[in-house]
Amino acid sequence: MRCYPDGMSCGPGTNLDQFAPVPDGARKVFCVKFQREMEGLEEVPFEGHQLGQRIYDTVSKDAWKLWVEHMKMLMNEYRLNLGTQEAQEFLLQQMEQYFFGEGAALPPDYVAPQQK
């Protein structure tokens, strides 16, 4: 599935019914990204940070996987050093926008990889 920078829309032909049903006993959330009930994360990302708890409460495993891919692109394009406070704060801001804002911005001059 390909999602666009607005953080909410997904590419043509995307069928949200393609997601497997939530397994019995799995934690469920109403996913802010897909606007449906889905399997939630198993643990709080960034424990102790309010954004981590908000993500745990409202983001599905599938949406989190999309964020991880987007984050990798940001790290590579901006050549972020996660050992710096500035890089960590930048990613937290992008994550907030990706899930709860208008979508994380793509880097200037970003060219998406060609589809195979």
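We now turn to the structure provided with this report.

The rules behind each value
Residues numbered from 1 in each chain as written. Predicted model: local features only at pLDDT ≥ 70, side-chain atom pairs only at ≥ 80, totals over all residues. Heavy atoms only, no water. Salt bridge = Lys/Arg side-chain N within 4 Å of Asp/Glu carboxyl O. Helix = DSSP H or I, 4+ residues; strand = E, 2+ residues; numbered from the N terminus. Buried < 20%, exposed > 50% of the residue type's maximum accessible area, 1.4 Å probe, protein only. Axes fitted to C-alpha atoms, helices over the stretch in contact; angles between N-to-C directions. Parallel < 35°, antiparallel > 145°, perpendicular 65-115°, else oblique. Left-handed = near helix turned anticlockwise from the far one by under 90°. Contact = heavy atoms within 4.5 Å. Nonpolar A, V, L, I, M, F, W, Y, C, P; charged D, E, K, R; others polar.

**Regarding the pattern of salt bridges**
Here the structure, examined in full by the defined rule, presents 4 salt bridges. Between Glu39 and Lys61 there is a salt bridge whose closest N-O contact spans 3.1 Å. Here Glu39 is found in strand S2 (residues 36-39), whereas its partner Lys61 is found in helix H2 (residues 61-78), with 22 residues between them in sequence. A relative accessible area of 22% places Lys61 in the partly exposed class. A salt bridge links Glu69 to Lys72; the shortest N-O distance between them is 3.1 Å. One end of the pair is Glu69 and the other is Lys72, both in helix H2 and 3 residues apart, which spans about a single turn. Salt bridges sharing common partners tie together Glu39, Glu42 and Lys61.

**Overview of unusual backbone geometry**
Positive phi values are uncommon outside glycine, yet Phe46 reaches one of about 55°. With respect to the helices and strands, the residue Phe46 is situated in the loop between S2 and helix H1 (50-58). Here Phe46 falls in the partly exposed class, since its relative accessible area comes to 38%. Positive phi is not limited to glycine here, since Arg79 has a value of about 50°. Note on placement: Arg79 falls in the loop between H2 and helix H3 (85-100).

**Details of the packing of H1 against H3**
At their nearest, the axes of H1 and H3 sit 11 Å apart, and the two run at 25° to each other. By the angle class used here, H1 and H3 are roughly parallel. As for how H1 packs across H3, the hand of that crossing is left-handed. Between H1, through Leu51, Arg54, Ile55 and Thr58, and H3, the contact on the second element is made entirely by Leu92, Met95, Glu96, Phe99 and Phe100. A breakdown of the residues in the contact of H1 with H3 according to their chemical character gives 6 nonpolar, 1 polar and 2 charged.

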